[in-house]
Amino acid sequence: MKSIDKYMKKLLYVSIILSVMLVAGIPMIIIGATSKIYAVMGIGIAFAAIGFYGTPIAWSIYGSNMPLKRVVSAVCEEHLYTVGEISQQLSMKESAVRGWLDKAFNKGFLKGYKREGDAILLNDNLAADKKEFVAHCPNCGATFTYTLDKARCPYCNSPVIK
């Protein structure tokens, strides 16, 4: 869920920045032209042009991705695991839900899940190096957890004997 939130925040920030550029560009043009500060006027023209064309595009992209966030939320937070359940809960057509799920999986927003037809399942095929094991260090006597990529005692740095 963190990755979709980060993605949506980026889209929101870009939309806000472009909106501010549009609004700030117009007075910069006027001030630059009346004060004969051509650098300010040029920056104002650039801000106004970028803001004028970019603002509606950015807000459209942000708004059109809200259903994506909602579908990811339905899976991760509401624990809805079939296309039918998600479509019923969100009042969306099943074909639309399938499309949003495809996009969510392609962008990596549903890590730890896999899709089999219309069902969404927890992915049991996670990488082995991410599994945690418990060990007892023969050198310092500490009990600790480790992963295969960090198979050392965190206290004395002795390697784990498997």
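From a predicted model like this one, the values you see are computed outputs, not experimental measurements. The residue count restarts for each chain, going from 1 along the sequence in the order it is written. This being a predicted model, a pLDDT of at least 70 is required before a residue's local features are given, and a value of 80 or more before pairs of side-chain atoms are given or counted; all residues contribute to the totals for chains, interfaces and linings. With hydrogens and water stripped out, all remaining heavy atoms of the structure feed into the side-chain values.

**Details of the pattern of salt bridges**
- Here, a salt bridge means any Lys or Arg side-chain nitrogen found within 4 Å of an Asp or Glu carboxyl oxygen. Counted under the stated rule, the structure contains six salt bridges.
- Residue Glu 94 is joined to Arg 98 by a salt bridge in which the shortest nitrogen-to-oxygen separation is 3.3 Å. Of this pair, Glu 94 and Arg 98 both sit in helix H5 (residues 94–107), four residues apart, roughly one helical turn.
- On the accessibility criterion, Glu 94 (37% relative accessible area) is partly exposed.
- On the accessibility criterion, Arg 98 (28% relative accessible area) is partly exposed.
- Where Arg 98 meets Asp 118, a salt bridge forms, and the shortest distance between an N and an O atom there is 2.9 Å. Linking Arg 98 in helix H5 with Asp 118 in the loop between strand S1 (113–116) and strand S2 (119–122), this pair joins segments that are 20 residues apart in sequence.
- On the basis of relative accessible area, Asp 118 is assigned to the partly exposed category, the value being 36%.
- Through salt bridges that share partners, Glu 94, Arg 98 and Asp 118 make up one connected network. Helix and strand assignments come from DSSP, with helices taken as H or I runs of at least 4 residues and strands as E runs of at least 2, each series counted from the N terminus. Using a 1.4 Å probe on the protein chains alone, a residue whose accessible area is under 20% of its type maximum counts as buried, one over 50% counts as exposed, and one in between counts as partly exposed.

**Notes on unusual backbone geometry**
- Its identity as a non-glycine residue notwithstanding, Lys 36 has a phi of 60 degrees, on the positive side.
- Following the sequence through the fold, Lys 36 ends up in the loop between helix H1 (2–34) and helix H2 (38–64).
- The phi dihedral of Asn 157 is positive, around 65 degrees, even though this residue is not glycine.
- Here Asn 157 shows up in the segment after strand S4 (143–147).
- Look at Asn 157 and you get partly exposed, because its relative accessible area is 48%.

**So, the confidence of the model for the chain**
- The predictor rates its confidence in each residue with pLDDT, a number between 0 and 100. Residue-level pLDDT values for the chain average 89, and 93% of them are 70 or greater.
- H2 holds the highest mean pLDDT among the elements of the chain, 96, whereas strand S3 (residues 132–136) holds the lowest, 80.

**Some points on the environment of Ala 46**
- Residue position: Ala 46 is located in helix H2.
- Residues Ala 46 and Met 21 lie 25 residues apart in sequence; the distance between their C-alpha atoms is 8.8 Å.

**Remarks on the packing of aromatic side chains**
- Each Phe, Tyr or Trp ring (for Trp, its six-membered ring) is paired with any other whose centre lies within 6.5 Å, and the angle between the two planes then decides the class: stacked below 30 degrees, edge-to-face above 60, tilted in between. Here the structure, examined in full by the defined rule, presents four aromatic pairs.
- Centroid distance Tyr 7 to Phe 109: 5.4 Å. Interplanar angle 45 degrees. Geometry classified as tilted. Of this pair, Tyr 7 sits in helix H1 while Phe 109 sits in the loop between H5 and S1; the two residues are 102 residues apart in sequence, bridging distant segments of the chain.
- Judged by relative accessible area, Phe 109 falls into the buried class, the value being 6%.
- Look at Phe 52 and Tyr 53: their rings are 5.1 Å apart centre to centre, the planes differ by 90 degrees, and that puts the pair in the edge-to-face class.
- Given a relative accessible area of 52%, Phe 52 falls into the exposed group.

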